[in-house]
Amino acid sequence: MNKSPMETAFEKLVNNKFNVYNSLFLNLPFQKIKKIGMLIPLLSHECRQGLESGKEPLDILDSFFKDHTGIISEEEKIDFMLRVIQYVERQVVLYDSVED
C-alpha cells in the first residue's frame, strides 16, 4: 500500500519528535537502574542473536546479565526485567502522545 505524501510527512514528523524526546531520556536513571535506555537495545540484540543460534532463553538472559550488568541475584534480575517492561510502556505512551 502506497502512502500519500501527507501520510509520509506525518509519519516522519512523529518519528523525528519521538527520537528527539526519547534521546533525552536514554541516559536518565530509571528507578535504581542507570542507563536502562542503553541496555534495552543490547538486551534486544542479545536475545535475537541467542535465539537465532538456538540458545535457551534463560541462558541468553544469564549471559546478558553477566556481560552487561552487575546484576547477580534472581530478585535483581526479575526487578530489572520489570523495569524494562515499564520503560518500554513509557516509550509507547511517549510515541502515542507525540502522534496525537
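Parameters at a glance
- Residues numbered from 1 in each chain as written.
- Predicted model: local features only at pLDDT ≥ 70, side-chain atom pairs only at ≥ 80, totals over all residues.
- Heavy atoms only, no water.
- Helix = DSSP H or I, 4+ residues; strand = E, 2+ residues; numbered from the N terminus.
- Areas by Shrake-Rupley, 256 points an atom, 1.4 Å probe, with all protein chains shown as cover.
- Patch = residues over 30% accessible without salt bridge, like charges linked within 9 Å, V, L, I, M, F, W, Y side chains within 5 Å.
- Salt bridge = Lys/Arg side-chain N within 4 Å of Asp/Glu carboxyl O.
- Buried < 20%, exposed > 50% of the residue type's maximum accessible area, 1.4 Å probe, protein only.

Points about the overall build of the chain
Then, in step 1: Within the chain one finds four helices and zero strands.
Then, in step 2: Sequence-ordered secondary structure for the chain, helices as α and strands as β, is α-α-α-α.
Then, in step 3: When the accessible surface of the chain is totalled, it reaches about 7600 Å², and 60% of it is carbon and sulfur.

A few points about a nonpolar patch on the surface
Then, in step 1: On the surface, I78, L82 and I85 cluster together into a nonpolar patch covering about 290 Å² of accessible area.
Then, in step 2: Summarising the element assignment, I78 is placed in helix α4 (residues 74-99).

Observations concerning the environment of C47
Then, in step 1: Structurally, C47 can be placed in helix α2 (residues 36-52).
Then, in step 2: For C47, a relative accessible area of 24% gives the class partly exposed.

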